Amino acid sequence: MTDIGEPTAVAQRAAVVAEAAARLAGAARDHKPCAPVRDLLGTSDIGLAYAVQQRVIGDRITAGARVVGRKIGLTNESVQRQVGVDRPDFGVLLDDMDVSGLPEVPSERLLQPRVEAEIAFVLAADLDDDDLDLERVRAAVGHAVAALEIVDSRVADWDIAITDTVADNASSGLFVLGGERVGLKEFEPRDVTMRLYADGELASEGTGAACLGDPLAALLWLARTAREFGDPLRAGQVVLSGALGPLVPTPPGSTVRAEMSGLGTVTATFSTKGLEEDG
């Protein structure tokens, strides 16, 4: 008897991936948040959610974007509580997400942004070994900089489960890198203290230890996970470690500044042109 179950299941899975990816891409294109995609994906099939992420990113690469690194998300317990998710995830950084060189963060490119202060690691070596450990990961880091990750969600009201955020490229938006490059011989990531100010008022604070116990442990988790997905981390890529403290909303016109011990400061001002002006 011919077994038609497996091909049918594969086809159904592909159709789900295509539908979820189209919904998220449409929200980004139309500047209108969409319904969660967990109605299509469920809440437990992480592999299916990453397949959607890969489809979304693949389409952006086809349109001309270039991969420059990865982001680790949901490494901080306070952030997990803020968005209702209980495990880390990762997303892909594309070249057009880096707004470090712009005078203002373009608010019109964002839907419902929030900022978190992070350590950005810039890799000097590939992380594709079978026996990755903390020592190997530490040796692969060329330098680190203070960073602001501007997270965003295509899902309306940040109503997300783990499959929603994974599919939505780990709720990635834009990022800003600080200008002071520091080697790991000059500071210890888990000992970093962070204060994040919004319009001059202290809005978030934390430490490196709040990021999975050590930002390098988060980097190790990502390196192993990326390798398992068949797309290991490469020299020259930027890796955002995950938040050191709670998320802070960033409406148009706001200015945020993160002060990070050993790494200096990083600042971003959001343009006054917001989504409300798009009509």
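## Brief notes about the overall build of the chain
If you tally the helices and strands in the chain, you get seven helices and eleven strands. In terms of overall dimensions, the chain is globule-like: its C-alpha atoms have a radius of gyration of 19 Å, near the 19 Å expected for 279 residues. Taking the principal axes of the C-alpha coordinates as reference, the chain spans close to 65 × 50 × 35 Å. Within the chain, the fraction of its 279 residues that count as buried is 51%. In the chain, 76% of the contacts between residues at least 6 apart in sequence involve partners at least 24 apart.

## Some words on the side chain of D214
Checked against the element boundaries, D214 lands in the loop between β7 (201–207) and α7 (215–228). Those residues in contact with D214 that lie beyond four places of it in its chain are P189, R190, G208 and A209.

## Some points on the pattern of salt bridges
In this structure the tally under the stated criterion is 19 salt bridges. The salt bridge partner of D214 is R190, with a shortest N-O separation of 3.4 Å. Of the two residues, D214 is situated in the loop between β7 and α7 and R190 in the loop between β5 (174–177) and β6 (193–198); the sequence distance between them amounts to 24 residues. Among the ionic contacts, a cluster of salt bridges with common partners joins R138, E188, R190 and D214.

## Observations concerning α7
Under the 1.5 Å per step criterion, the end-to-end length of α7 is 20 Å for 14 residues, consistent within 8% with the ideal 20 Å. Among the residues of α7, those classed as buried are P215, L216, A218, L219, L220, L222, A223, T225 and A226. Its buried side turned inward, α7 meets β1 (67–73), β2 (89–94), β3 (114–123), α5 (134–140), β4 (141–151) and β8 (238–240). For α7, the N-terminal cap is D214; the gap from its side-chain oxygen to the backbone nitrogen of L216 is 2.9 Å.

## Digging into the nonpolar core
If you look at the biggest cluster of nonpolar residues, it comprises 70 residues, and the most contacted ones within it are V52, V105, I119, L148, L219, L233 and L263. No other element matches the seven residues that α7 contributes to this core. For V52, the residues in contact, after removing those within four places along its chain, are V17, A20, A21, L24, L41 and A167.

## Side note on the packing of aromatic side chains
What characterises a pair of aromatic rings is the spacing of the ring centres plus the angle enclosed by the ring planes. Enumeration according to the criterion identifies three aromatic pairs in this entry. Taking 4.9 Å as the distance between ring centres and 65° as the angle between the ring planes, the aromatic pair formed by Y50 and F229 counts as edge-to-face. Here Y50, found in helix α3 (residues 46–62), pairs with F229, found in the loop between α7 and β8; they are 179 residues apart in sequence, far enough to count as distant. With relative accessibility at 36%, the residue F229 sits in the partly exposed group. Ring centres of F90 and F229 lie 5.6 Å apart, and the angle between their planes is 80°; on these two criteria the pair is classed as edge-to-face. Taken together, the residues span a long stretch of sequence, with F90 in strand β2 and F229 in the loop between α7 and β8 at a distance of 139 residues.

## Focus: the confidence of the model for the chain
On average, the chain scores 92 in pLDDT, and the residues at 70 or more come to 92%. Here residues 275–279 is a poorly scored stretch, pLDDT under 50, and it has ten contacts once near neighbours within four places are set aside; other chains count.

## Quick word on the pairing of β1
Successive side chains on a regular strand alternate, one facing one side of the sheet and the next facing the other. Most of β1 sits inside the fold, with six of its seven residues counted as buried. Note: β1 against β2, six bridges, orientation antiparallel. Counted as the bridge partner of G73 is D89 from β2.

## Structural notes on α3
If you check α3, its first and last C-alpha atoms are 24 Å apart, about what 17 residues at 1.5 Å a residue would give, namely 24 Å. Buried residues of α3: I46, L48, A49, Y50, V52, Q53, V56 and I57, and no others.

## Description of the sheet that holds β7
Sheet architecture is open: four strands sit in the order β7-β6-β10-β11, paired in antiparallel fashion. The strands lining the two open edges of the sheet, one partner per strand, are β7 and β11 (264–269). The mean inter-strand angle of the sheet, taken between neighbouring strand axes irrespective of direction, is 15°. Bridge analysis of β6 against strand β10 (residues 255–260) gives five bridges, and the strand direction is antiparallel. Bridging from a neighbouring strand, M194 pairs with M260 of β10.

## Thoughts on the environment of L216
Along the polypeptide, L216 turns up in helix α7. Between the alpha carbons of L216 and P189 there is a distance of 7.1 Å; along the sequence they are 27 residues apart. What L216 contacts, discounting residues up to four positions off in sequence, is F121, L134, V137, R138, V141, L184, E188 and P189.

## Things to note about the environment of A161
Within the secondary structure, A161 is located in the loop between β4 and α6 (162–167). Each C-alpha atom, one on A161 and one on E118, is 23 Å from the other, the two residues being 43 residues apart in sequence.

Here is what the cut-offs are and how they apply
- Residues numbered from 1 in each chain as written.
- Predicted model: local features only at pLDDT ≥ 70, side-chain atom pairs only at ≥ 80, totals over all residues.
- Heavy atoms only, no water.
- Helix = DSSP H or I, 4+ residues; strand = E, 2+ residues; numbered from the N terminus.
- Rg over C-alpha atoms; globule rule 2.2 N^0.38 Å.
- Buried < 20%, exposed > 50% of the residue type's maximum accessible area, 1.4 Å probe, protein only.
- Contact = heavy atoms within 4.5 Å.
- Salt bridge = Lys/Arg side-chain N within 4 Å of Asp/Glu carboxyl O.
- Expected span 1.5 Å × (residues − 1).
- Polar contact = N/O pair within 3.5 Å; in protein donor to acceptor, adjacent residues only side chain to side chain.
- Core = buried A, V, L, I, M, F, W, Y, C linked by side-chain atoms within 4.5 Å.
- Phe/Tyr/Trp six-rings, centres within 6.5 Å; stacked < 30°, edge-to-face > 60°.
- pLDDT = per-residue confidence, 0-100.
- Pairing = 2+ DSSP bridges.
- Axes fitted to C-alpha atoms, helices over the stretch in contact; angles between N-to-C directions.

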